[in-house]
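# Inside the fold
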Amino acid sequence: MAAQLGPHELLHVFSFLEARDLLLAAQVNKVWNEVSMTKELWRQLCLSRWASCRAFPVVLGTQTWKQYYFCRSELEFRVESGRPQDFISKAISGHEGKIDQLAYVSPHEYRFDEMARSVVCTVSSDCTVRAWDLHQGTEIWSSPVQPAPLVSLVAYPLLQLVVTVDTQGLIIGWKADTGSEWASFCLPTSCSSMEACSHPEGSFLMVACAAGNLYTLTVPQLRVVSKVATFPHTSVSLTCSPDQQWVSVLPQGSGVGPKVFFTQPLLHPLEDELPVSTTLPVRLSSRACWAPDEAARLMVMHRDDSGMHLAITTFGLKASKSRDRVSILAQQLASFPLPGTMTPHLMQGHGSQVILLASRSELVLFTIHGLQLVAFRDHQRPITSMWVDPNRVVTSSLDLSLRVYVWDKKNTCPILKSCYQLLGGSHRWARTCWSL
């Protein structure tokens with residue numbers, strides 16, 4: 001009689017199976033059934049398919065990893081298929097001014113139990129920040145009217161914190177569940193950019209003011225850790241790298257290229273020692289984004305040497321330590337000119353090789369070497385925003401529609417396919433939200 005595999009040996013073999021194979025194995029006998037239900041097997045399946053599970057863990061006691069796997073798989077099938085019965089449109093109305101920005105603040109990215117709740121916060125020119133329940137389409141709380149219009153916000157879902165800034169540079173942290181004020185800090189001038197940083201050492205807030213200074217603040221206390229001069233008297237935009245070890249500072253309307261700072265010296269500044277940074281060798285830069293699957297790969301849109309044509313150059317960054325000093329090495333990995341007919345106003349990265357550009361009503365994908373992968377002309381009017389994640393792309397437009405695209409990962413190079421659009425009316429002081 002052939003020797004039978006014990007539970008430990010079966011567990012090792014089952015770790016190489018996909019979900020469908022595990023379900024088939026569970027039907028063989030009682031032992032195989034018990035082993036196929038092991039929590040760690042389903043946890044690894046979830047992590048391999050959705051890396052974001054590491055940042056937003058499953059809520060213990062409310063759902064198992066197996067339940068999570070099948071609930072989320074079902075959700076993604078419904079998102080990809082776009083059946084009308086799977087979507088509900090809710091208009092959130094309450095602001096008395098234009099909504100300038102919103103941020104998702106639910107502490108768990110996906111939750112499939114009775115406690116599931118999708119919450120966003122919005123800031124408006126009516127000088128308030130408000131929280132909304134997307135499933136119900138109702139307002140949860142509203143802040144008191146502030147001294148000046150609120151123009152931007154960032155969220156820290158795991159801390160249940162929302163940070164806003166107004167036109168005068170007043171930064172306030174709000175408790176996302178109650179709307180009560182947590183802390184505040186006032187910049188000497190208006191804010192030009194604000195970025196949340198979830199560093200391994202803790203959460204921080206990066207803020208650039210109109211005077212060209214970069215502030216690093218603790219979260220939630222909003223205390224100044226460091227202040228660095230970047231581009232004097234120049235508005236800049238900030239973006240943090242996927243591993244939160246780098247921050248790029250892009251000057252607006254300047255002839256020089258962006259600066260890239262190593263985050264560690266900003267969090268632990270030393271007296272009489274400038275933070276470690278480098279200026280990338282491009283001119284008249286206009287946009288920049290990081291490659292999500294690389295720790296430090298930055299794509300920069302800029303003018304070429306003639307100043308007449310747009311180009312995109314990709315840099316790889318590395319921190320080099322020698323004795324007690326740190327220096328930054330910036331290596332050019334690729335560069336290509338954009339077609340003369342394109343004037344992109346939105347730019348995002350996908351994976352390690354793909355760049356998505358929105359130019360008026362067109363969505364175009366390139367590799368970092370300039371190969372055009374696909375162009376979509378689904379919208380009738382200019383694209384206003386673009387969401388890109390490992391599974392899908394969603395664009396919104398002035399034609400009052402959302403367009404949903406899904407990545408086909410079967411090939412070596414991921415292919416984006418257009419699935420469907422969602423139509424929804426929107427007035428100046430309201431926004432339409434779609435939920436499954």
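Scroll up to find the structure.
Computed from a prediction, not measured in an experiment: that's the story for all the values here.

## What about the side chain of Thr313?
Relative to the assigned elements, Thr313 resides in strand E20 (residues 310-322). Using a relative accessible area of 2% as the deciding quantity, one classes Thr313 as buried. Looking at Thr313, its side chain comes within polar contact range of the side chain of Ser335, at 2.8 Å. Not counting residues within four places of it along the chain, the set of residues in contact with Thr313 comprises Val282, Leu298, Met299, Val300, His302, Gln332, Ala334 and Ser335.

## Here we look at the sheet that holds strand E15 (residues 246-251)
The strand order E14-E15-E16-E17 describes an open sheet built from four strands, whose pairing is antiparallel. If you trace the sheet from one side to the other, it starts and ends with strand E14 (236-240) and strand E17 (277-279), each paired once. Ignoring which end each strand starts from, the neighbouring axes of this sheet average 20° apart. Note: E15 against strand E16 (residues 259-262), four bridges, orientation antiparallel. Note that in E16 the partner of Trp246 across the bridge is Phe262.

## Brief notes about helix H4 (residues 39-49)
Buried within H4 we find Leu41, Trp42, Leu45, Cys46 and Leu47. Elements in contact with the buried residues of H4: helix H1 (7-14), helix H2 (19-25), helix H3 (30-36) and helix H5 (65-81).

## Examining the packing of aromatic side chains
Tallied over the full model, the rule gives nine aromatic pairs. Relative to Tyr69, the ring of Trp42 lies with its centre 5.7 Å away and its plane at 65°, an arrangement referred to as edge-to-face. Taken together, the residues Trp42 in helix H4 and Tyr69 in helix H5 connect sequence positions 27 residues apart. Here Trp65 and Tyr68 contribute two aromatic rings whose centre-to-centre distance is 6.1 Å and whose plane-to-plane angle is 70°, an arrangement assigned as edge-to-face. With a gap of three residues between them, Trp65 and Tyr68 both fall in helix H5, about one helical turn apart. A residue is classified by how much of its surface remains accessible, and Trp65, at 10% relative accessible area, is buried. For Tyr68, a relative accessible area of 1% corresponds to the buried category. Each member of the aromatic cluster is reached from another via a ring pair, and the members are Trp42, Tyr69 and Phe70.

## Re the side chain of Ser152
Here Ser152 is to be found in strand E6 (residues 150-156). A distance of 2.9 Å separates a polar atom in the side chain of Ser152 from a polar atom in the side chain of Gln101. Those residues in contact with Ser152, other than ones at most four positions away along the chain, are Gln101, Val123, Val163, Thr164, Val165 and Met194.

## Digging into the pattern of salt bridges
Scanning all chains against the criterion turns up nine salt bridges. Here Glu40 and Arg43 are joined by a salt bridge, their closest N and O atoms 3.3 Å apart. Taken together, the residues Glu40 and Arg43, both in helix H4 and three residues apart, mark about one turn of the helix. Looking at Arg43, the relative accessible area reads 28%, which means it is partly exposed.

## Overview of unusual backbone geometry
Cis geometry is adopted by the peptide bond preceding Pro220, which originates at Val219 and carries an omega value of 15°. As for its position among the elements, Pro220 is in the loop between strand E12 (213-218) and strand E13 (224-229). A positive phi is found at Leu222, a non-glycine position, where the angle reads about 60°. Position of Leu222 among the secondary structure elements: in the loop between E12 and E13.

Reading guide: rules and limits
- Residues numbered from 1 in each chain as written.
- Predicted model: local features only at pLDDT ≥ 70, side-chain atom pairs only at ≥ 80, totals over all residues.
- Heavy atoms only, no water.
- Helix = DSSP H or I, 4+ residues; strand = E, 2+ residues; numbered from the N terminus.
- Buried < 20%, exposed > 50% of the residue type's maximum accessible area, 1.4 Å probe, protein only.
- Polar contact = N/O pair within 3.5 Å; in protein donor to acceptor, adjacent residues only side chain to side chain.
- Contact = heavy atoms within 4.5 Å.
- Pairing = 2+ DSSP bridges.
- Axes fitted to C-alpha atoms, helices over the stretch in contact; angles between N-to-C directions.
- Phe/Tyr/Trp six-rings, centres within 6.5 Å; stacked < 30°, edge-to-face > 60°.
- Salt bridge = Lys/Arg side-chain N within 4 Å of Asp/Glu carboxyl O.

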